[in-house]
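Close look at the chain arrangement
As a plain string of letters, each chain reads:
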Amino acid sequence: MLKLRNTLTRTLEEFKPLEGNKVRMYACGPTVYDYGHIGNFRTFVSVDVLRRYLKYLDYEVQHIMNITDIEDKIIRGMLSSGRSLEEFTGFYTQEFLKDCDSMNIERPEIMPFATRHLPQMIEIMKRLADAGHTYQSDGSLYFSISSFPGYGKLSGLKLEGNIAGARVDVDEYEKADARDFVLWKAAKEEGEPRWPSPFGEGRPGWHLECSAMSMEYLGESFDIHCGGVDLIFPHHENEIAQSEGATGKPFVNFWVHTEFLLVEGEKMSKSKGNYYTVRQLIEQGYSPDAIRYLLLSVPYRTQLNFTMEGLRGAETALEGIRNFRRRVADYDSQGESHTRVRDLTERAREGFEAGMNDDLNTSRALAAMFEFRRDVNTAMDAGEFGGGDREAVLEVLGRIDSVLGVLGEEQAQMLDPEIERRIEERYAARRARDFTLADQIRSELAERGIILEDTSQGTKWKRK
Ligand SMILES: [Zn+2]
């Protein structure tokens, strides 16, 4: 049984969907004004792992991730770039999706854009206004937090001494400032995108977007809402106030938040020179699989210290598992399956699930996989491994990787005659002094795991 730590109740709770076998989950997506950094991707990868594990458990998952394409930073970026809102956000949305693909992040079922859900936002504002949760000032519409008794229940914030009249217009603000927040902002600057509404021309506040898009696709109450810990306050607190203020129903059953990431022991910042986007690391030669592995190797509720040494370690760890998978696939035995391997397979599956069921404890789950590798290697060394075990071991590895998503497809094995043929072609190329072609063949073979060695008796080869 999967247990998740629920930020709302501050306890580890057994997960159960509100309705049958269906899991309805929402994750706050990117604000598309720049390339995503690895801190953002820690959250996106952890949400992907949750999504994949729910599918592993045979739940039917309906996962929504919004794209915030209107917000303060976007407007600043768009105005200074001289591009239209669509061009500006369209570009960063495409780049974000490319990064997601390289990080092997599955696409959510729906990725709605904020600017295409204005009617739903206006509807929520009308309901809030009717229920007495709003007031207008300087052409903008605000949510009065003192009108909502539950305000602060997610973040644990106490509204002492109250805050009459204090308002914020910006989309993000500090925890010390519990303030009335803006639902609809009057258009002020020249060139600022704006839409008509019963509250005047303007644009939605950031918080309102997520309430509108989540309820549009998942209903007024749904199962899981994810995001980074930095979103607990004010963003998610405000989403609860808006949604429950409008519907009178509980908004979300489970709130799941991913912790921060440090880089080389420090908070990531451009000025410290420890700020990395996913694409920068890939350009430096790190594999996306290793980046993903490092991001998910520490349980999502624990702070992760991302280091280059850790990243190199991740490359090595992955290589080790892939070599193991290859050894199993190549193991040449027609024999029966062995009870010992059957037991190990069962234990690996149980260990992996026990780790994941414990609030997605990925480090426990990985430990089960490494133990499995060690024990199966020992069984193979001892010859206690038959042809019948091969499928079972590969099947468990495949199941585990359907959640972790780090091993990639096993490359089709090159058959010996094909390798011999390429080696002959390389030999011919060398005699013709076509060293470019010869080198090309050598590196093509190396990529497929074949190492060549030129000796006085000709070229020998072996598998990596
Ligand atoms: Zn959100």
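This text follows the structure it describes.
Please read these numbers as outputs of a predicted model, since none were measured by experiment.

Bringing the overall build of the protein chain into the picture now. Counting its secondary structure elements, the protein chain contains 14 helices and 16 strands. Reported as C-alpha extents along the three principal axes, the dimensions of the protein chain are approximately 90 × 55 × 35 Å. When the 464 residues of the protein chain are sorted by exposure, 51% land in the buried category. Look at the contacts in the protein chain between residues 6 or more apart in sequence, and 76% of them connect residues 24 or more apart. If you sum the accessible surface of the protein chain, you get close to 21,200 Å²; carbon and sulfur atoms cover 47% of it.

Here the focus is the pairing of strand β16 (residues 458-463). As judged from the six bridges shared by strand β15 (residues 450-455) and β16, these two strands associate in the antiparallel manner. Following the sheet pairing, Thr455 is matched in β16 by Gly458. If you look at the hairpin formed by β15 and β16, you'll find two residues sitting between the two strands.

This paragraph deals with the pattern of salt bridges. Scanning the model with the defined rule gives 36 salt bridges in all. The closest approach of N and O atoms between Arg107 and Asp101, which form a salt bridge, is 2.9 Å. Judged by relative accessible area, Arg107 falls into the partly exposed class, the value being 37%. Asp101 gets classed as partly exposed once you look at its relative accessible area, which sits at 46%. Note that Arg340 and Glu384 form a salt bridge whose closest N and O atoms lie 3.1 Å from each other. Note that Arg340 is positioned in helix α10 (residues 339-357) and Glu384 in the loop between α11 (362-381) and α12 (387-404), a separation of 44 residues in sequence. You can call Arg340 partly exposed: its relative accessible area is 33%. Judged by relative accessible area, which is 29%, Glu384 ranks as partly exposed.

Right, let's get into the sheet that holds strand β14 (residues 304-306). The strand order across the open sheet formed by three strands is β13-β12-β14, and the pairing between neighbours is mixed. A single partner strand is all that each edge strand has here, and the edge strands are β13 (266-267) and β14. Bridge count between strand β12 (residues 261-263) and β13: two bridges; the pairing is antiparallel. Following the sheet pairing, Leu262 is matched in β13 by Lys267. The sheet contacts of helix α1 (residues 38-56) involve β12 and β14, and relative to β12 the element is tilted by about 145°. Against the sheet, helix α8 (residues 288-296) touches β12 and β14, its axis set at about 150° to β14.

Next up on the list: the packing of helix α9 (residues 308-330) against α12. At a minimum axis distance of 9 Å, the contact between α9 and α12 shows a crossing angle of 155°. Comparing the axis directions of α9 and α12 gives the class roughly antiparallel. When you trace α9 past α12, the crossing you get is left-handed. On the side of α9, the interface is formed by Phe324, Arg325, Val328 and Ala329, while α12 contributes Arg390, Val393, Leu394 and Leu397. Counted by class, the contact of α9 with α12 contains six nonpolar, no polar and two charged residues.

We now examine the pairing of strand β5 (residues 134-137). Summarising the sheet, β5 and strand β6 (residues 140-143) pair through four bridges and their orientation is antiparallel. Each residue of the ladder has a partner; that of Ser137, found in β6, is Ser140. Between β5 and β6, which pair antiparallel in sequence order, lie two residues; one of them, Asp138, sits at a positive phi of approximately 50°.

On to unusual backbone geometry, then. Residue Pro234 is reached from Phe233 by a cis peptide bond, and omega for that bond is 0°. For Pro234, the position within the fold is in helix α6 (residues 232-247). Its identity as a non-glycine residue notwithstanding, Asp58 has a phi of 70°, on the positive side. Relative to the elements of secondary structure, Asp58 occurs in the loop between α1 and β4 (60-65). The class of Asp58 is exposed, set by a relative accessible area of 59%. For Asp138, which is not glycine, the phi torsion reads 50° and is therefore positive. If you trace the backbone, Asp138 turns up in the loop between β5 and β6.

Criteria and cut-off values
Residues numbered from 1 in each chain as written. Predicted model: local features only at pLDDT ≥ 70, side-chain atom pairs only at ≥ 80, totals over all residues. Heavy atoms only, no water. Helix = DSSP H or I, 4+ residues; strand = E, 2+ residues; numbered from the N terminus. Buried < 20%, exposed > 50% of the residue type's maximum accessible area, 1.4 Å probe, protein only. Contact = heavy atoms within 4.5 Å. Areas by Shrake-Rupley, 256 points an atom, 1.4 Å probe, with all protein chains shown as cover. Pairing = 2+ DSSP bridges. Salt bridge = Lys/Arg side-chain N within 4 Å of Asp/Glu carboxyl O. Axes fitted to C-alpha atoms, helices over the stretch in contact; angles between N-to-C directions. Parallel < 35°, antiparallel > 145°, perpendicular 65-115°, else oblique. Left-handed = near helix turned anticlockwise from the far one by under 90°. Nonpolar A, V, L, I, M, F, W, Y, C, P; charged D, E, K, R; others polar.

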